[in-house]
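So the chains spell out like this:
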Amino acid sequence: ISKGTLSVGHSADVVIFDADKKWTVDVDALHSKSKNSPFDGIELYGKPEYVIVNGEIIINSGELMK
């Protein structure tokens, strides 16, 4: 399997990132088994809106699908 090319027959994972999206980290909304984060409450810019792994949408409009 060849990676690094977006074309038929190649494996690729794709992230579509909104660099202007402003959001505040909320540990309860993170998709992690950990119940804490050193970033909890910090305001950030930039967030993945779509993530596609092996042709399957994992994050759609910022929401985890699985």
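So, a few notes on the structure that sits alongside this text. Treat the numbers as computed from the prediction; the structure is a model and nothing was measured.

Scanning the model with the defined rule gives 2 salt bridges in all. For the salt bridge of Glu 49 with Lys 21, the shortest nitrogen-to-oxygen distance reads 3.7 Å. Residue Glu 49 is found in strand S2 (residues 43-53), and its partner Lys 21 is found in strand S1 (residues 13-24); the two are separated by 28 residues along the sequence. With its nearest N and O atoms 3.5 Å apart, the salt bridge here joins Glu 43 to Lys 22. Here Glu 43 is found in strand S2, whereas its partner Lys 22 is found in strand S1, with 21 residues between them in sequence. For Lys 22, a relative accessible area of 46% translates into the label partly exposed.

Attention now goes to the packing of aromatic side chains. Enumeration according to the criterion identifies 0 aromatic pairs in this entry. The residue whose ring lies beneath Lys 47 is Trp 23, and the NZ or CZ to ring-centre distance is 4.4 Å.

Here is what the cut-offs are and how they apply
Residues numbered from 1 in each chain as written. Predicted model: local features only at pLDDT ≥ 70, side-chain atom pairs only at ≥ 80, totals over all residues. Heavy atoms only, no water. Salt bridge = Lys/Arg side-chain N within 4 Å of Asp/Glu carboxyl O. Helix = DSSP H or I, 4+ residues; strand = E, 2+ residues; numbered from the N terminus. Buried < 20%, exposed > 50% of the residue type's maximum accessible area, 1.4 Å probe, protein only. Phe/Tyr/Trp six-rings, centres within 6.5 Å; stacked < 30°, edge-to-face > 60°. Lys NZ or Arg CZ within 6 Å of the ring centre and 35° of its normal.

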